[in-house]
Amino acid sequence: MSCHDINEKEIKKHLSQKNKILLMGNPNVGKSVFFSRMTGMDAISSNYSGTTVSYTQGDMKLSDKGYTLIDVPGVFSLKSTSEAEDVAEKFLSSEPEAIICVLDATNLQRSLELALELKSYGIPTAYALNFLDVAKREGIEINVGMLSKLLDSPVVETIAVKSSGFEELKEAVVELLKKAECRGCEKSGCGSCPKGREEIYDTAREITKKVRKTNAKADRNKTRISDWMIRPSTGVPIAVLIMALSLGMIVGGGKALRAVFFLPLVNGIIVPFFKNIFTSIIPEGIIQNVLIGEYGIFVIGFEWPIALIFPYVFLFYVVFSFLEDMGYLPRLGILFDNLMSRFGMQGGSIINIMMGYGCAIPAIIGTRACTTKKERLVVTTLVCVTIPCISQTGALIELISSKSYLIFLPLALISLIVFISVASLAGRFINGKVDPMIIQIPNLLIPDKKTYGKKLMIRMKHFLIEAEGPMFFAIVIAALFKETGFLDVIAAASSPLVQGWLGLPQQAADGLLLGIVRREMSIAPLVGLNLTSLQVLVAGLVSLFYLPCLSVFGIIASEFNAKTAAGIAVATTCFAFLIGGLVNQIGLRLF
Ligand SMILES: Nc1nc2c(ncn2[C@@H]2O[C@H](COP(=O)(O)OP(=O)(O)OP(=O)(O)O)[C@@H](O)[C@H]2O)c(=O)[nH]1
Ligand SMILES: [Mg+2]
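- The name recorded for the chain in an unreviewed UniProt entry is Ferrous iron transport protein B, from Alkalibacter saccharofermentans DSM 14828.

As structure tokens, this is what we get:
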């Protein structure tokens, strides 16, 4: 997959490519499903607007000729007022061969407004009338022949998640490319395209009126459930129930998966296998210890990522991807919009915050969908400072459950207080404004098995490559540091802070060093030690507020600037030590 930052140098390279076909349309109309099925490449699709915040490109063959298909971020219009619109404009002006414009059959008029705006660029366009399954269920019928005539271009009925209509669509594009003539372009002088917002809006409305028939059998149950999710009196209990069920499934399921499958696999099969091999071929000493000692690469290199973290990461994405695909998250955004606007965010940003509980990187990249810089910064600060990622949470669950689940209560309470305080401060002191929320409520869908499974696979692949890669690297360094005695030197040097102020054992110093690379490693060295409840709480707090991963800083530096990344690093570290130390000192005096 090639997913790119909206960065001038990068984009120029892709803009100058030949044989481009642009996949365009409103947000959440299924473009990324088209992209992924037509190119065979990975692209995340989710049932809310703004999933694709940058562009993705892949190769596609049409009657034996190679083309580059570009999954352009979804836009409602081309006013160039957001990053997504800016990217769309740039690609439109880069002389693409054709456009595949995806229309949402359940929301035709709005889809047509963009389609009409696109027409004035004079680029051959084929239309995919998508979501036909949902439209049929909702009693919407569209006269495709008439629509095609009115748009003066081919229109093909599609159900992207079933790959239905794809062959016809490809044929339509091939035919278009053969003719390669301008279709209704104002620039070519035919003057048939509507101009100006009002004319576009009126024409889209007229066309919709002509081609669409509804027999009013809209799914009343679905509408009712959707209303319940949004209305505070019913929405809040539903949200609490969904969160409790999700948490139960992630924590309970994660522990069970770990105990029944991953721990026996790692400790009973994989680690003994490598221990046997290395003890028989390598004599006792530093090299053997680096490979299979306490911090051995072939011991914790499997224990931490596979047995400790993976079960929780997997189940988090099972739950989160389901909520994403059914269309619940934007409804949660609407429910909490009022509350969130007090903290300098729109309700829709709750999606990025929830995503941060999985991993901070997609959450920060996802803030590109925010309409103002202030909101981007507020959400990024919150994600970095107050939200633990699932890898870290997995390690934390193991640490806490070894003592008592009750420790979660003070941890959750302190974390909530910090979240609210940071949100209020960031909302108040970060300059700029927050736009009122415009959020599209997507259809409530039963997630398509294939699309859902593919997304889960993509996320697991990312986790294994992008998270486990650096983690493995840190484990190698840790093994070397351990055997060379460097970890002991660090432990001794940091003893006044770690053992004195924080009251944690010496191994916590290893965690703080490794935690620079990966968040969960700040806690992993403590799992399995016999800590007191106060130590577990303090370790949990320090890890919660300690540095985000190294790769997160890379993303902050590239999305914002190095100063912001450094600021967040200093703030998180000081804050973690301050709050952890205070709780330890107070705890020691009270108990
Ligand atoms: N039932 C049904 N679901 C679909 C269809 N096409 C797409 N979806 C679902 O609609 C949601 C949105 O699809 P995406 O591919 O993410 O939409 P997008 O246009 O790329 O959205 P942005 O990246 O936000 O612009 C996903 O949950 C898809 O699984 C379809 O024809 N029928
Ligand atoms: Mg997309």
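Considerations on the environment of Gly453
1) Next: With respect to the secondary-structure elements, Gly453 resides in helix H20 (residues 449-484).
2) Next: Residue Gly453 is classed as partly exposed on the basis of its relative accessible area, which comes to 28%.
3) Next: Separated by 131 residues in the primary sequence, Gly453 and Phe322 place their C-alpha atoms 10.0 Å from one another.

Quick notes on the pattern of salt bridges
1) Next: Using the criterion set out here, one finds 17 salt bridges in the structure.
2) Next: One salt bridge in this structure joins Lys162 and Asp448, with 3.2 Å as the shortest N-O distance. One end of the pair, Lys162, is in the loop between strand S8 (155-157) and helix H7 (166-179); the other, Asp448, is in the loop between helix H19 (408-429) and H20, and 286 residues separate them in sequence.
3) Next: Among the residues examined, Lys162 registers a relative accessible area of 54% and is labelled exposed.
4) Next: A salt bridge links Glu175 to Lys178, with the shortest nitrogen-to-oxygen separation between them at 3.1 Å. Here Glu175 pairs with Lys178, and both are found in helix H7, just three residues apart, close to one helical turn.
5) Next: Each of Glu324, Asp325, Lys455 and Arg459 takes part in a single network of salt bridges with overlapping partners.

As for the packing of helix H24 (residues 533-545) against helix H26 (residues 562-590)
1) Next: For the pair H24 and H26, interaxial distance at closest approach is 8 Å and the crossing angle is 165°. In terms of axis orientation, H24 runs roughly antiparallel to H26. Here H24 and H26 pass one another in a crossing that is right-handed. Contacts between H24 and H26 involve Leu534, Leu537, Val538, Leu541, Val542 and Phe545 from the first element and Thr572, Phe575, Ala576, Phe577, Ile579, Gly580, Val583, Asn584, Gly587 and Leu588 from the second.
2) Next: Looking at the contact of H24 with H26, its residues break down into 12 nonpolar, four polar and no charged.

What to know about the site of ligand 1
1) Next: Around ligand 1, a shell composed of 26 residues is seen, among which Lys31, Gly50, Thr51, Thr52 and Asp133 lie nearest.
2) Next: In the model, an oxygen atom of ligand 1 is placed 3.0 Å from a nitrogen or oxygen of the Val29 main chain.
3) Next: Of all the secondary-structure elements, those providing two or more residues to the shell around ligand 1 are helix H2 (31-39) and helix H5 (132-137).
4) Next: Considering each element in turn, the shell around ligand 1 owes the most residues, three residues, to H2.
5) Next: Residues of the shell around ligand 1, tallied by class, amount to 10 nonpolar, 13 polar and three charged.

Brief notes about the domain arrangement of the chain
1) Next: You can read the domains of the chain as domain 1 (3-214) and domain 2 (232-437 + 449-590).
2) Next: Contact residues are listed per partner, giving 20 residues for domain 1 and 22 residues for domain 2.
3) Next: At the boundary of domain 1 and domain 2, one finds two salt bridges.
4) Next: For Asp42, the salt bridge identified is with Lys461, shortest N-O distance 2.7 Å.
5) Next: Taken together, the connections running from domain 1 to domain 2 amount to eight residue pairs in polar contact (both at pLDDT 80 or more).
6) Next: Ranked by residues supplied to the side of domain 1 that touches domain 2, first place goes to H2 with three residues.

Some points on the pairing of strand S3 (residues 55-62)
1) Next: Taking burial as the measure, the eight residues of S3 include six buried ones, the bulk of the element.
2) Next: Linking S3 back to strand S4 (residues 65-71) in an antiparallel pair, the connection comprises two residues, with Ser63 at a positive phi of about 35°.

Details of helix H18 (residues 390-401)
1) Next: Between its first and last C-alpha atoms H18 spans 16 Å; for 12 residues at 1.5 Å apiece the expected length is 16 Å, and the two agree.
2) Next: Burial of H18 is extensive: 11 of the 12 residues sit out of reach of the surface.
3) Next: Of all the positions in H18, only Ile390, Ser391, Gln392, Gly394, Ala395, Leu396, Ile397, Glu398, Leu399, Ile400 and Ser401 are classed as buried.
4) Next: Those residues of H18 that are buried are in contact with helix H10 (232-281), helix H12 (300-326), H19, H20 and H24.

Observations concerning the environment of Ser164
1) Next: Along the chain, the position of Ser164 falls in the loop between S8 and H7.
2) Next: Sequence separation between Ser164 and Asn130 is 34 residues; the distance between their C-alpha atoms is 9.4 Å.

Focus on the side chain of Ser522
1) Next: With respect to the helices and strands, the residue Ser522 is situated in the loop between helix H23 (507-514) and H24.
2) Next: The exposure class assigned to Ser522 is buried, which follows from its relative accessible area of 7%.
3) Next: In this structure the side chain of Ser522 is engaged in a polar contact, spanning 2.7 Å, whose partner is the backbone oxygen of Arg519.
4) Next: Excluding residues within four positions of it along the chain, Ser522 makes contact with Gly511, Gly515, Ser543 and Tyr546.

Definitions and limits used
- Residues numbered from 1 in each chain as written.
- Chains lettered and ligands numbered in written order.
- Predicted model: local features only at pLDDT ≥ 70, side-chain atom pairs only at ≥ 80, totals over all residues.
- Heavy atoms only, no water.
- Helix = DSSP H or I, 4+ residues; strand = E, 2+ residues; numbered from the N terminus.
- Buried < 20%, exposed > 50% of the residue type's maximum accessible area, 1.4 Å probe, protein only.
- Salt bridge = Lys/Arg side-chain N within 4 Å of Asp/Glu carboxyl O.
- Axes fitted to C-alpha atoms, helices over the stretch in contact; angles between N-to-C directions.
- Parallel < 35°, antiparallel > 145°, perpendicular 65-115°, else oblique.
- Left-handed = near helix turned anticlockwise from the far one by under 90°.
- Contact = heavy atoms within 4.5 Å.
- Nonpolar A, V, L, I, M, F, W, Y, C, P; charged D, E, K, R; others polar.
- Near = heavy atom within 4 Å.
- Polar contact = N/O pair within 3.5 Å; in protein donor to acceptor, adjacent residues only side chain to side chain.
- Domains from an automatic or database assignment.
- Pairing = 2+ DSSP bridges.
- Expected span 1.5 Å × (residues − 1).

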